[in-house]
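Chain residues, written in single-letter form:
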Amino acid sequence: LKEATIVKITAAQDLKELNQIRVETLGKKGPITEVLRGMKDLSPEERPKVGSFANEIRDLLTAEIERKKEVLEEEALNAALAKETLDVTLPGRQVKQGTRHILTQIMEEIEDIFVGMGYQIVEGYEVESDHYNFERMNLPKDHPARDMQDTFYISEDILIRTHTSPVQARTMEKHDFSKGALRMISPGKVFRRDTDDATHSHQFHQIEGLVIDKNVTMGDLKGTLEVVMKKMFGEDRKIRLRPSYFPFTEPSVEVDVSCFKCGGKGCNVCKYTGWIEILGAGMVHPNVLEMSGIDPNEYSGFAFGLGPDRVAMLRYGVNDIRNFYQNDLRFLSQFKGE
Ligand code: PHE
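Residue numbers restart at each chain and count upward from 1, following the sequence in its written direction. Note on the predicted model: pLDDT of at least 70 is required for a residue's local features to be given, and 80 or more for side-chain atom pairs to be given and counted; whole-chain, interface and lining totals, by contrast, use all residues. Note: side-chain values were computed over all heavy atoms of the structure, leaving out hydrogens and water.

### Thoughts on the overall build of the chain
For step 1, the next point in the chain: Across its full length, the chain carries 11 helices and 10 strands.
For step 2, the next point in the chain: Principal-axis analysis of the C-alpha atoms places the extent of the chain at approximately 125 × 50 × 40 Å.
For step 3, the next point in the chain: Relative accessibility thresholds used throughout: buried, under 20% of the residue-type maximum; exposed, over 50%; partly exposed, between the two (1.4 Å probe, protein chains only). The buried share among the 338 residues of the chain stands at 41%.
For step 4, the next point in the chain: The contact criterion used throughout is that any non-hydrogen atoms of two residues lie within 4.5 Å. For the chain, long-range pairs separated by at least 24 residues make up 66% of all intrachain contacts whose partners lie at least 6 apart in sequence.
For step 5, the next point in the chain: Summing over all exposed atoms, the chain offers an accessible surface of approximately 19,900 Å²; the carbon and sulfur share of this is 52%.
For step 6, the next point in the chain: Positive charges are assigned to Lys and Arg, negative charges to Asp and Glu, while His and the chain termini are left out of the count. Charge coordinates come from a single atom per side chain, which is NZ of Lys, CZ of Arg, CG of Asp or CD of Glu. Charge separation in the chain, taken as the distance between the mean sites of 45 positive and 54 negative side-chain charges, equals 4 Å. Numbering of helices and strands runs from the N terminus; a helix is a DSSP stretch of H or I covering at least four residues, while a strand is a stretch of E covering at least two. In this description, accessible areas are obtained by the Shrake-Rupley approach with a 1.4 Å probe, and a residue is regarded as covered only by the protein chains that are shown.

### Quick look at the side chain of R192
For step 1, the next point in the chain: Its location among the elements puts R192 in the loop between β5 (182-191) and β6 (203-213).
For step 2, the next point in the chain: Within the buried set, R192 has no salt-bridge partner at all; the shortest N-O distance to an opposite charge, 5.9 Å, is to D194.
For step 3, the next point in the chain: Residues adjacent in sequence count toward polar contacts only when both atoms are side-chain atoms; beyond that, a polar contact is any pair of N or O atoms within 3.5 Å, and within protein one must be able to donate a hydrogen and the other to accept it. Looking at R192, its side chain comes within polar contact range of the main-chain oxygen of T162, at 2.9 Å.
For step 4, the next point in the chain: Each residue touching R192, except ones within four places of it in the same chain, is listed here: M148, Q149, D150, F152, T162, H163, H202, F204 and Q206. Any carboxyl oxygen of Asp or Glu within 4 Å of a side-chain nitrogen of Lys or Arg constitutes a salt bridge here.

### A look at helix α4 (residues 46-83)
For step 1, the next point in the chain: The end-to-end C-alpha distance of α4 is 55 Å, a good match for the 56 Å that 38 residues give at a rise of 1.5 Å each.
For step 2, the next point in the chain: Those residues of α4 lying buried are G51, A54, I57, L61, E64, I65, K68 and L72.
For step 3, the next point in the chain: Among the structural elements, α1 (2-11), α2 (15-26) and α3 (31-37) are those in contact with the buried residues of α4. Here the expected span of a helix is defined as 1.5 Å times the quantity of residues minus one.

### Describing the UniProt feature "binding site: Mg(2+)" (unreviewed entry) in the chain
For step 1, the next point in the chain: Taken from the UniProt record, the annotation "binding site: Mg(2+)" (unreviewed entry) applies to E250.
For step 2, the next point in the chain: Here E250 shows up in strand β8 (residues 249-258).
For step 3, the next point in the chain: When its relative accessible area of 48% is taken as the criterion, E250 is described as partly exposed.
For step 4, the next point in the chain: With residues near it in sequence (within four places) discarded, E250 still touches M283 and H285. UniProt positions are given in the numbering used here, feature names are shortened, and annotations may be inferred rather than shown by experiment.

### A short note on the site of the ligand
For step 1, the next point in the chain: For the ligand, the set of nearby residues contains 15 residues, the closest of which are H163, S165, R192, Q206 and E208.
For step 2, the next point in the chain: At a separation of 3.0 Å, a nitrogen atom of the ligand approaches a polar side-chain atom of H163.
For step 3, the next point in the chain: Here an oxygen atom of the ligand sits 2.9 Å away from a polar atom, N or O, in the side chain of R192.
For step 4, the next point in the chain: If the ligand stood free it would expose 330 Å²; the protein chains cover 92% of that surface.
For step 5, the next point in the chain: Considering every element that reaches the shell around the ligand, the biggest residue donor is strand β10 (residues 300-306), with 3 residues.
For step 6, the next point in the chain: Considering only residue class, the shell around the ligand consists of 5 nonpolar, 8 polar and 2 charged. Nearness of a residue to a molecule or strand requires only that one of the residue's heavy atoms be within 4 Å of it. Polar here means any residue outside two lists: the nonpolar Ala, Val, Leu, Ile, Met, Phe, Trp, Tyr, Cys and Pro, and the charged Asp, Glu, Lys and Arg; Gly therefore counts as polar.

As structure tokens, this is what we get:
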């Protein structure tokens, strides 16, 4: 038995087979256990001899199995290691790094400027009511200026917003003026029923701005925008205001910034006049204040609406707004950001 088992142990190929041998020879039903169990039938003289012999064999085989087990375990480990070998000298595979969308970058840059001046950032709703998008912005149902913003209606009263201006009304009506002035910007998507072409997109972006306090003047509007335009387009920029019309501001202005050098091929943003139109703005119309529960005799404010798409087009010489929305990585990955 001893010899035969040792031969089997030596020949064992893997741990499973070895365990099988252990069960067969040393297990409860194995021959050695049987011998030990049969001891009670032996004479008292034979018992110690048979007992110690059987124990000796058992210890020997146990030790033999242990030794083989260690060998097999090491083999298994080596095999696993060989299979998982990693050649650290191989050149690495390049991981393609993404970039933040250029419009996201511009919006965050503008947000940073205003946050630095104490403005809060407010989120509005892309699905809006006719009430906030138009009526509360001094554009009643039959107002001809509604034609300025061709609208996607969802139902008679619900639409996807044509501008970020409804956030003005939503913020004004909630603001607690006993805690101080209201200064906010609200960036986001807006939608208009336009046919897409190089300069029109049915979806684009705006950043709304609003300041309301006692004694806010047109001078505050101009001064604020001048600081912002210098930060965005260079310290030697100048701005000028031209009279314009929006139903929710009075007076209303169009704001131009003096020519700046833009990047990219064929980039000459203002070859004709030396000025580029950059945003619409004005003093908040008394009707708008009143509808939001603010007394126009006590408070005044300014508002503006700025287009990040336009800023990006001017700054980088992008001549087709659709580039921003077609997700062509060859276009988008040009704007690496910081
Ligand atoms: N809401 C206007 C637009 O979309 C922009 C604007 C905002 C003008 C605030 C004045 C004040 O054209």
